[in-house]
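Residues per chain, in single letters:
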Amino acid sequence: MKALAEFGKGVLRGAKFYIQAAPLAWPKLVECNVCGWQGKHLVSDGWHEQVQCPKCRSGVRHRLLFAALTHREELSFERLVSGKRVLHFAPERLVESKLRRHAGEYLTADYLNPRRDLQLDLSDMATIEASRFDLLIACDVLEHVADDRQALREIHRVLHPGGFAILTVPQQDHLAQTFEDASITSPADRQRHFGQSDHLRIYGDDFPHLLQTAGFEVTTIDEHSFSADLARRQILFPPQPSLHPLATNFRKVFFARKAALPD
């Protein structure tokens, strides 16, 4: 029965994709670098117009990540993923399927989801020995973590020297310093102040400094890390900025490297 139910869900997903994507199939002006879909334009999500792939549901942050792994030699699949020990928190299916086939060891983790390989708190990974992984990925996770500074210290601890953390966070446009307030506890108030009911803060432009304070060397990837033609074709930025005051119109992916041991 479970297999039949999953099959039914797959059929429904396929039908929904066809209905939504078929009118967009031509001309092929944009492409998703995650699943390969091409078409006239992407579809809208709750924050931005024409930023979500109609096939795999990738967003700007996912395509920025894959653009970096594909087009930046120092951050390539070969250097960061191939044959490496990878720990991926709250993995999106589209990203997991791509990375799993390249990694030497690939483990998933989540604080609440028992179906992951590890049920783990990002800020308390005491069951993980130091220097255990070569790569840790946590995309749009830290804003849910009560003690994000401790989480960054834990990420640094479990990474092997020379290893990387790939991190993304929602950032309010032109906000200099991250805003959080422990007295804001209701879902409605968190929605109003942080952009989502289960967010505990909204990050600002100081996020790279927070990573550096935790001991990382930081490379920031955004639309300007690639040619203008590539950024437009793969939609590495919202074609139309959102007017919502908490929108992240300038998405970034942070590659945080733990310093290698001296020779």
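Above this text you will find the structure in question.
All values reported here derive from a predicted model rather than from experimental measurement.

Undergrad: Would you explain the pattern of salt bridges in this entry?
TA: When the charged atoms of two side chains with opposite charge come close together, those side chains can pair. This model, assessed by the stated rule, comprises 19 salt bridges. A salt bridge links Glu74 to Arg72; the shortest N-O distance between them is 2.7 Å. Residue Glu74 is classed as partly exposed on the basis of its relative accessible area of 34%. Taking the relative accessible area as the measure of exposure, Arg72 reaches 22% and is therefore partly exposed. We note a salt bridge from Glu73 to Arg79, for which the minimum N-O separation is 3.8 Å.

Undergrad: Sorry if this is basic, but what is going on with the packing of aromatic side chains here?
TA: By convention here, two paired aromatic rings are described through the distance between centres and the angle between planes. Following the criterion strictly, the structure yields four aromatic pairs and no others. With 5.2 Å between their ring centres and 75° between their planes, Tyr203 and Phe207 make a pair best called edge-to-face. We note that Tyr203, like Phe207, is buried. For the pair Phe207 and Phe254, a centre-to-centre distance of 4.9 Å together with 65° between the ring planes defines the contact as edge-to-face. A residue pair is termed long-range when its members are at least 10 positions apart, and Phe207 in helix α7 (residues 207–213) and Phe254 in strand β9 (residues 253–258) qualify at 47 residues. With respect to class, Phe207 is no different from Phe254; both count as buried. Three or more aromatic residues joined by ring pairs make a cluster, and in this case those are Tyr203, Phe207 and Phe254. We note Arg132 situated over the ring of Phe133; from NZ or CZ to the ring centre the distance is 4.6 Å.

Undergrad: Quick question: what am I supposed to make of the pairing of β9 here?
TA: Taken residue by residue, a regular strand's side chains alternate between the two faces of the sheet. Counting buried residues in β9 gives five out of six residues, a clear majority hidden from the surface. The sheet contact formed by strand β7 (residues 159–168) and β9 spans four bridges and is antiparallel. Looking at the pairing, Phe164 lines up with Arg257 of β9. As paired elements, strand β8 (residues 216–221) and β9 share six bridges and run antiparallel to each other. Considered in β9, the bridge of Thr220 is made with Phe254.

How each quantity is defined
Residues numbered from 1 in each chain as written. Predicted model: local features only at pLDDT ≥ 70, side-chain atom pairs only at ≥ 80, totals over all residues. Heavy atoms only, no water. Salt bridge = Lys/Arg side-chain N within 4 Å of Asp/Glu carboxyl O. Buried < 20%, exposed > 50% of the residue type's maximum accessible area, 1.4 Å probe, protein only. Phe/Tyr/Trp six-rings, centres within 6.5 Å; stacked < 30°, edge-to-face > 60°. Helix = DSSP H or I, 4+ residues; strand = E, 2+ residues; numbered from the N terminus. Lys NZ or Arg CZ within 6 Å of the ring centre and 35° of its normal. Pairing = 2+ DSSP bridges.

This is a description of form; function is not addressed.
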